[in-house]
Amino acid sequence: MATAHSTRRHTLLCFCIFLSSILSLSHGRLTPNFKIRAVNLGGWLVAEGWIKPSLFDGIPNKDFLDGTGLQFKAVTAGKYLCAETGGGSIIVANRTVASSWETFKLWRINETNYQLRVFNKQFVGVDSGGNGIDMVAIVADTPGRSETFEIVRNSNDLNRVRIKAPNGFFLQVKTENLVTADSKGDGSWGNDDQSVFIITNTGGLHGEFQLTNGYGPVNAPQVMTEHWNTFIVEDDFNFISSNGINAVRIPVGWWIASDRTPPQPYVGGSLQALDNAFIWAQKYRINVIIDLHAAPGSQNGYEHSSSRDGSQEWGLSDQNIQETVNVIDFLTSRYANNPRLYAVELINEPLSPGATLESLNKYYRAGYNAVRKYSSTVYVIMSNRIATSDPKEFFSLASGLDGSVIDIHYYNLYSSNFDKMSVQQNINFIYNNRLPELNQLTTSNGPLTFIGEWVAEWNVEGATKEDYQKFANAQLDVYGKASFGWAYWTLKNVNNHWSLEWMINDHYIKL
Ligand SMILES: *[C@@H]1O[C@H](CO)[C@@H](O)[C@H](O)[C@H]1NC(C)=O
Ligand SMILES: *[C@@H]1O[C@H](CO)[C@@H](O)[C@H](O)[C@H]1NC(C)=O
């Protein structure tokens, strides 16, 4: 009996597979039979300081992270240091106001030593020609020891600093036009001390690079492991599955492909965390979307793509594109046979003009093929560029690729359009602008549509809980029409409205 049953089941199963392959063939496209209602696991495997600021608490000199902009006002001259013409020339101290040429971005070597990147992306060094003491912003793309300075802070006033050059002497401002590296730095620290500068910190990034490099190779592994093991745990998948969510979108960084020994300053171990996510996803029947959130070189210059100093270098060479394809290849090959792998997102939020249509088209095609090497059913998600004027920019490519999905992020933020909007105007915007656009993008022969990030947050001040509920419901209503589905940004966040966990627990959102 048992055998007969299982044979019949087997026959039935084969028939169903046969039928569904005919159906999907007749459609010519992979078509999902349910929609994704997902939450992003933001700030987990790609750190973001605003999501969990306490991560940075233990970093010495934590206001001097990679990418932090410093302006130096010489106390004697009362003027700012400036890389004349933005770089490639000398350092002067003759500017009364500080702007881009007067802002030096830190590359952190350790808690005391830094390299100083100027506007044109070169690094400050001491000129080895001439008399050997004049300061010159040199044309060096990869700085070394001779471009490494120690920043010594006055313990009574951390904004008063001296800058020790690689020759062992301190910078001093002899005249507005002559900055030399020949002070013993043993003066009074007062306003008559030519080696003293008052700094203005213009802020910087708080991403995975800053975090791991800030802690350094000795402490970072412990801090990151602790974060990975505690920020998202099995119980979160239980919570997710019992609250009407059927998928997670998991941001990962390119360095995960070289776990356990990723290039410095990154730390190995995020792959183990991703493995755990798949185990929990299996247990609670949650689908997984792997999202390459940080591509090598950074595709948008933001901390969430792990940019070191705001520069955006992704896609500038075929080698870089190939390196990115290799990351997709690695991740897909690892999880393709896992029934929970639902989709792979090739890159998150590329930004024009740095990320060009040409490089993205090339990458998307190659990335798609890398996924298809291992799976004919995993969906392949392609991200529109941030704030693109043409939300169909990848349609001609994607329409020819079975199982492709276009990811569009909808935030009523990040544009002055939203600054003065009322509650009702925000809601109207969802129905009057987002909905028609989404309808236009959702076509029967084009790619599927996915709102891969949205949030019930806005610029409305003093909004009530009911206002938030209405706003969330309007978005759920409209984004629910996307053919692939949506994903809230994010599950956990110290900013409550950005935490779906908080929003569900406090009854702002019910699915
Ligand atoms: C920081 O780096 C500099 C230059 O490599 C080195 O001389 C110094 O000992 C380091 N300091 C610490 C605290 O590691
Ligand atoms: C600052 O000094 C440089 C070098 O002498 C000079 O070329 C430049 O014009 C000066 N700029 C100002 C604003 O004084």
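Residues numbered from 1 in each chain as written. Chains lettered and ligands numbered in written order. Predicted model: local features only at pLDDT ≥ 70, side-chain atom pairs only at ≥ 80, totals over all residues. Heavy atoms only, no water.

Q: An account of the site of ligand 2 is requested, with residue identities and associated values reported.
A: Taken together, E84, V92, N94, R95 and N177 make up all the residues around ligand 2. A distance of 2.2 Å is found between an oxygen atom of ligand 2 and a side-chain nitrogen or oxygen belonging to N94. A distance of 3.2 Å is found between an oxygen atom of ligand 2 and a side-chain nitrogen or oxygen belonging to N177. Relative to its free-state accessible area of 360 Å², ligand 2 is covered by the protein chains to the extent of 47%. Broken down by class, the residue content of the shell around ligand 2 amounts to 1 nonpolar, 2 polar and 2 charged. (Near = heavy atom within 4 Å. Polar contact = N/O pair within 3.5 Å; in protein donor to acceptor, adjacent residues only side chain to side chain. Areas by Shrake-Rupley, 256 points an atom, 1.4 Å probe, with all protein chains shown as cover. Nonpolar A, V, L, I, M, F, W, Y, C, P; charged D, E, K, R; others polar.)

Q: Outline the pairing of strand β6 (residues 113-117), listing residues and values.
A: Judged by how many residues are buried, β6 sits mostly within the fold: 5 of 5 residues are covered. Neither face of β6 is left uncovered, since the one carrying N113, Q115 and R117 and the one carrying Y114 and L116 both have all their residues buried. Note that strand β5 (residues 104-108) and β6 share 4 bridges and pair antiparallel. Its bridge partner being in β6, W107 is matched across the sheet by Q115. Where β5 folds back onto β6 in an antiparallel hairpin, the turn is made up of 4 residues. (Buried < 20%, exposed > 50% of the residue type's maximum accessible area, 1.4 Å probe, protein only. Helix = DSSP H or I, 4+ residues; strand = E, 2+ residues; numbered from the N terminus. Pairing = 2+ DSSP bridges.)

Q: Explain the sheet that holds strand β16 (residues 341-345) to me, using residue names and the numbers behind them.
A: With respect to topology, 8 strands assemble into a closed barrel ordered β1-β14-β15-β16-β17-β18-β19-β20, the strand pairing being parallel. On average, each strand axis in the sheet is inclined to that of its neighbour by 30°, with strand direction left out of account. As defined by bridge partners, strand β14 (residues 247-253) adjoins strand β15 (residues 287-294) across 7 bridges and the pair is classed as parallel. Opposite V248, over in β15, you have V288 as the bridge partner. (Axes fitted to C-alpha atoms, helices over the stretch in contact; angles between N-to-C directions.)

Q: Explain the UniProt feature "domain: Glycoside hydrolase family" (unreviewed entry) in the protein chain residue by residue, including any values.
A: Mapped onto this numbering, the UniProt entry annotates "domain: Glycoside hydrolase family" (unreviewed entry) at residues 220-493. For residues 220-493, helix accounts for 40% and strand for 16%, while the C-alpha atoms at its two ends are 21 Å apart. (UniProt positions renumbered as here; feature names shortened; annotations may be inferred.)

Q: Tell me about the pattern of salt bridges, residues and numbers included.
A: Applying the stated rule across the entire model yields 21 salt bridges. R153 serves as the salt-bridge partner of D63, at 2.8 Å between the closest nitrogen and oxygen. Of this pair, D63 sits in the loop between β1 (36-40) and β2 (69-74) while R153 sits in strand β9 (residues 149-154), and the two are 90 residues apart along the sequence. A salt bridge links R162 to D193; the shortest N-O distance between them is 2.7 Å. A residue pair is termed long-range when its members are at least 10 positions apart, and R162 in strand β10 (residues 157-164) and D193 in the loop between β12 (178-183) and β13 (197-203) qualify at 31 residues. Here R162 and D193 have matching classes, each one buried. A cluster of three or more residues bridged by salt bridges with shared partners is formed by R249, D291, E345, D407 and E453. (Salt bridge = Lys/Arg side-chain N within 4 Å of Asp/Glu carboxyl O.)

Q: Describe unusual backbone geometry, naming the residues involved and giving the relevant values.
A: Note that the residue after D259, namely R260, is joined by a cis bond; omega there is 5°. Examined against the element boundaries, R260 turns out to sit in the loop between β14 and α4 (270-284). The peptide bond linking Q264 to P265 adopts the cis configuration, its omega dihedral lying at 5°. Within the secondary structure, P265 is located in the loop between β14 and α4.

Q: So what about the confidence of the model for the protein chain? Which residues, and what values?
A: Residues of the protein chain with pLDDT of at least 70 account for 94%, and the chain-wide mean is 93. Put simply, helix α1 (residues 2-27) is where the protein chain has its lowest mean pLDDT, 44, and β14 is where it has its highest, 99. Residue range residues 1-27 is modelled with pLDDT below 50. Its contacts to residues more than four positions away, or to other chains, number 1 contact. (pLDDT = per-residue confidence, 0-100. Contact = heavy atoms within 4.5 Å.)

Q: Summarise the domain arrangement of the protein chain; cite the residues concerned and give the values.
A: Many descriptions give the size of an interface as the accessible area lost when the pieces come together. Domain annotation of the protein chain identifies domain 1 (29-54 + 206-505) and domain 2 (68-203). For domain 1 versus domain 2, the separation of C-alpha centres amounts to 39 Å. Of all residues in domain 1, the largest losses of buried area upon contact with domain 2 belong to N213, R308 and D309, amounting jointly to 72% of the total for that side. At the surface where domain 1 touches domain 2, the tally comes to 2 salt bridges. Between E313 and K121 there is a salt bridge; the shortest N-O distance is 3.9 Å. Linking domain 1 to domain 2 there are 7 residue pairs in polar contact (both at pLDDT 80 or more). Its residues assigned to classes, the side of domain 1 that touches domain 2 comprises no nonpolar, 3 polar and 3 charged. (Domains from an automatic or database assignment. Buried area = accessible area lost by both parts, 1.4 Å probe.)

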